[in-house]
Amino acid sequence: MARTGPIGPVCLSAGVQTDDTGYVMATEILDCGRRRPTAPMASHNLFMTQRLKGQAAGVAIIRRILQRESFPNGFTTAEMYDLAVKEPAPEGFPSFPLSRQRLAPAATRKKKDKKGVVEPQSYPGHPDHPVRSIRFLKEFILPALAGQKEIAMMRKPTAKTLAALEAGELPKTTRLTASQFEWKWWVIPPEQRPKAPAPKPAKRIVGLEVGVDSDTSHLNKRRQEARVGKVSREVEKLKAYSEFSQRRDALMDRLEKDSELTLQLAERMERLGNRSGLNEVLEEERVVRSDRSRRGTSIASNDSNEFVRSRADKIRQLVAYKAGQRSRGLEAGTR
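Within every chain, residues take consecutive numbers counted from 1 along the sequence as written. Reporting of local features is limited, given that this is a predicted model, to residues whose pLDDT is at least 70; pairs of side-chain atoms are given and counted only at 80 or more, and all residues count toward the totals for whole chains, interfaces and linings. Based on all heavy atoms of the structure, the side-chain values leave hydrogens and waters out of the count.

## Details of the overall build of the protein chain
Counting from the N terminus, the helices are DSSP H or I runs at least four residues long and the strands are E runs at least two residues long. Looking only at helices and strands, the protein chain features eight helices and 10 strands. Relative to its full complement of 335 residues, the protein chain shows a buried share of 31%. When contacts within the protein chain are restricted to residue pairs at least 6 apart in sequence, those whose partners lie at least 24 apart make up 67%. Burial classification: accessible surface area is computed with a 1.4 Å probe over protein chains only, and a residue below 20% of its type maximum counts as buried, one above 50% as exposed, and the rest as partly exposed. Any two residues whose heavy atoms approach within 4.5 Å are treated as being in contact.

## Side note on empty space enclosed by the protein
Only protein atoms enter the calculation, which uses a 1 Å grid: trapped sets of points that fit a 1.4 Å probe without letting it out are cavities, open sets showing protein on both sides within 12 Å along at least five of seven lines are pockets, and any residue with an atom within 4 Å of a point is a lining residue. Grid points are joined across faces, edges and corners, and a volume is the space filled by probe spheres set on the points. Enumeration over the complete set of coordinates arrives at one cavity of 30 Å³ or more. Within this model, the largest cavity holds a volume of roughly 30 Å³. Those elements that place two or more of their residues in the lining of the largest cavity are α6 (259-272) and α8 (305-318). Three classes are used: nonpolar for Ala, Val, Leu, Ile, Met, Phe, Trp, Tyr, Cys and Pro, charged for Asp, Glu, Lys and Arg, and polar for all others, with Gly counted as polar. Class assignment of the residues belonging to the lining of the largest cavity gives a composition of four nonpolar, no polar and two charged.

## Looking at unusual backbone geometry
With a phi angle near 60°, Lys149 is a residue other than glycine that sits in the positive phi range. Position of Lys149 among the secondary structure elements: in the loop between α3 (134-147) and β9 (151-157). Look at Asp213: it is not a glycine, yet its phi comes out positive at around 65°. Along the polypeptide, Asp213 turns up in the loop between β10 (181-187) and α5 (221-257).

## Considerations on the environment of Thr161
Mapped onto the secondary structure, Thr161 falls in helix α4 (residues 159-167). The spatial distance from the C-alpha of Thr161 to the C-alpha of Gln180 is 6.2 Å, given a sequence separation of 19 residues. Setting aside its immediate chain neighbours within four residues, Thr161 contacts Leu176 and Gln180. Separated by 2.7 Å, the side chains of Thr161 and Thr158 make a polar contact. Distance and chemistry together define a polar contact, namely a pair of N or O atoms within 3.5 Å, with one atom able to donate a hydrogen and the other to accept it when in protein, and with adjacent residues in sequence counting only for side-chain atoms on both sides.

## Things to note about the packing of helix α2 (residues 77-84) against α3
Axis definition: a line fitted to C-alpha atoms, limited for helices to the stretch in contact. Angles are taken between N-to-C directions and run from 0 to 180 degrees. The contact between α2 and α3 brings their axes to 10 Å, and the two run at 100°. One finds that α2 runs roughly perpendicular with respect to α3. Each of Thr77, Ala78, Met80 and Tyr81 in α2 lies in contact with α3, whose residues at this interface are Ile134, Leu137, Lys138 and Leu142. The residue makeup of the contact of α2 with α3, split by class, is six nonpolar, one polar and one charged. When an angle is under 35 degrees it counts as roughly parallel; over 145 it counts as roughly antiparallel; between 65 and 115 it counts as roughly perpendicular; any other value is oblique.

## Describing α6
Turn by turn, an α-helix covers 3.6 residues, leaving residues three or four places apart pointing in a common direction. With 14 residues, α6 should reach 20 Å at 1.5 Å per residue; the first-to-last C-alpha distance of 20 Å fits that figure. Restricting attention to buried positions, one finds in α6 the residues Glu260, Leu261, Thr262, Leu263, Leu265, Ala266 and Met269. Structurally, the start of α6 carries an N-cap: the backbone nitrogen of Glu260 is 3.3 Å from a side-chain oxygen of Asp258. Under the convention used throughout, the expected extent of a helix is 1.5 Å for every residue step, that is, one less than its residue count.

## A short note on the nonpolar core
Ranked by internal contacts, the top residues of the largest apolar core, which has 19 residues, are Ile62, Met80 and Leu137. Contributions of two or more residues to this core are made by α1 (40-68), α2 and α3. By residue number, the principal contributor to this core is α3, which donates six residues. Nonpolar cores were defined as sets of buried Ala, Val, Leu, Ile, Met, Phe, Trp, Tyr and Cys residues, with membership established by side-chain atoms within 4.5 Å. Counting residues in each nonpolar core, the second largest holds 14 residues, with Leu251, Met252, Leu282 and Val288 among its members.

## Here's the deal with the pattern of salt bridges
Every case where a carboxyl oxygen of Asp or Glu lies within 4 Å of a side-chain nitrogen of Lys or Arg is listed as a salt bridge. In this structure the tally under the stated criterion is 11 salt bridges. With a shortest N-O distance of 3.7 Å, Glu182 and Lys184 are connected by a salt bridge. Judged by relative accessible area, which is 13%, Lys184 ranks as buried. Connected through shared salt-bridge partners, Arg68, Glu69 and Glu87 make up one network.

## Some details on the confidence of the model for the protein chain
The predicted coordinates should not be examined in detail at positions where pLDDT is low. Confidence per residue, as judged by the predictor, is encoded in pLDDT with a range of 0 to 100. Averaged over all residues, the pLDDT of the protein chain is 76; the fraction at 70 or higher stands at 71%. Across residues 1-39 the pLDDT falls below 50, and counting only partners more than four positions away or on other chains, this stretch makes 92 contacts in the model. Predicted confidence for residues 325-335 stays below pLDDT 50, and this span has 32 contacts to residues more than four positions away or in other chains.

## Details of a positive patch on the surface
By definition, no residue in a patch forms a salt bridge, and every one has over 30% relative accessible area; like charges are joined within 9 Å, nonpolar side chains (Val, Leu, Ile, Met, Phe, Trp, Tyr) within 5 Å. Only the protein chains shown count as covering a residue, and every accessible area follows the Shrake-Rupley method with a 1.4 Å probe. Charged-residue counts in this description rest on Lys and Arg as positive and Asp and Glu as negative, His and the chain ends being excluded. In plain terms, the charge of a residue is placed at NZ if it is Lys, CZ if Arg, CG if Asp and CD if Glu. There is a patch of like positive charges on the surface, built from Arg222, Arg223, Arg227, Lys230 and Arg233. As for its position among the elements, Arg223 is in helix α5. Among the residues examined, Arg223 registers a relative accessible area of 46% and is labelled partly exposed.

## Observations concerning the packing of aromatic side chains
Only rings of Phe, Tyr and Trp enter the pairing, Trp through its six-membered ring, and a pair is recorded when the two centres are within 6.5 Å. The plane angle decides the type: under 30 degrees is stacked, over 60 is edge-to-face, the rest tilted. Applying the stated criterion across every chain, the model contains four aromatic pairs. Ring plane angle 85° and centroid distance 5.8 Å describe the contact between Phe96 and Tyr123, whose orientation is recorded as edge-to-face. In this pair, Phe96 is assigned in the loop between α2 and β7 (111-112) and Tyr123 in the loop between β8 (118-119) and α3, connecting sequence segments 27 residues apart. Owing to a relative accessible area of 17%, Tyr123 belongs among the buried residues under this scheme. Chaining the aromatic ring pairs together yields one cluster made of Phe47, Phe96 and Tyr123. For Arg132, the ring lying beneath its charged end belongs to Phe136, and the centroid distance is 4.3 Å. Charge over a ring is defined by NZ of Lys or CZ of Arg lying within 6 Å of the ring centre and within 35 degrees of the ring normal. Against the face of Phe181 rests Arg155, its NZ or CZ located 3.9 Å from the ring centre.

Right, dumping it as structure tokens:
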């Protein structure tokens, strides 16, 4: 068997051996009569890629079967294999990389297990299907579903033993032997599957914008100590501005919803003259609301929306933030 390679005709020998799970046991080809080893990594990647695709497609097939079929008495690996091979393979699914003709001769394909028994090398029964063999289903597909807590292997009495117990043929106090039990896969109901823990909320770090948690390893010791003081001062300013913004935005929201309050507050601030600042405006707002509560009724405003908006803009200018006037920055203006 030959193919054309980058250096001319390459003859594939029968020395390429693998088992049905895709492990390459030996990789060697003949290059025009000269023996040279192949790159083991390339062959390994080829088999690993096909195995991963087969495992993903096989898990999807088994999940469809579990949703369609009910298994009140569980199922064995052989029973699931018989159902899985009847499902169609996905379009474009790669077949098993090694053809049956490229297996090594029978004399070199034998291997011994732990007990010293010589067994011939196996070949997948369905090389073009994701569930290519019952061994592949047992070792790669079903354990993946068990890891997701969708199925579980359990040891329970056989159906014959349960029938004998119900019929009274066996005393309920009888100690069952190992032959009266069987291992089967059982479907775990969705409500009994453990839920993944919710991710912990990320810790909010204040001051990332001004250099908190930044790398200063490139600075010498003196500059690192100076950087700590600079960042601390900037963080204090940032906290002060954040607290000021919350109070100011709440005030502007209240003024936007109440045009009468906006006009009365703007008129009072004009009479006060040069007094400006967030604390002063909040104090005058409290006075205006107190007067309105004593009056009991509100005065309807006939002013246009543009005029009300202009008065609100004037109040916004009065409460503009001026950094450095107070240690916490809670007050924007001077008295």
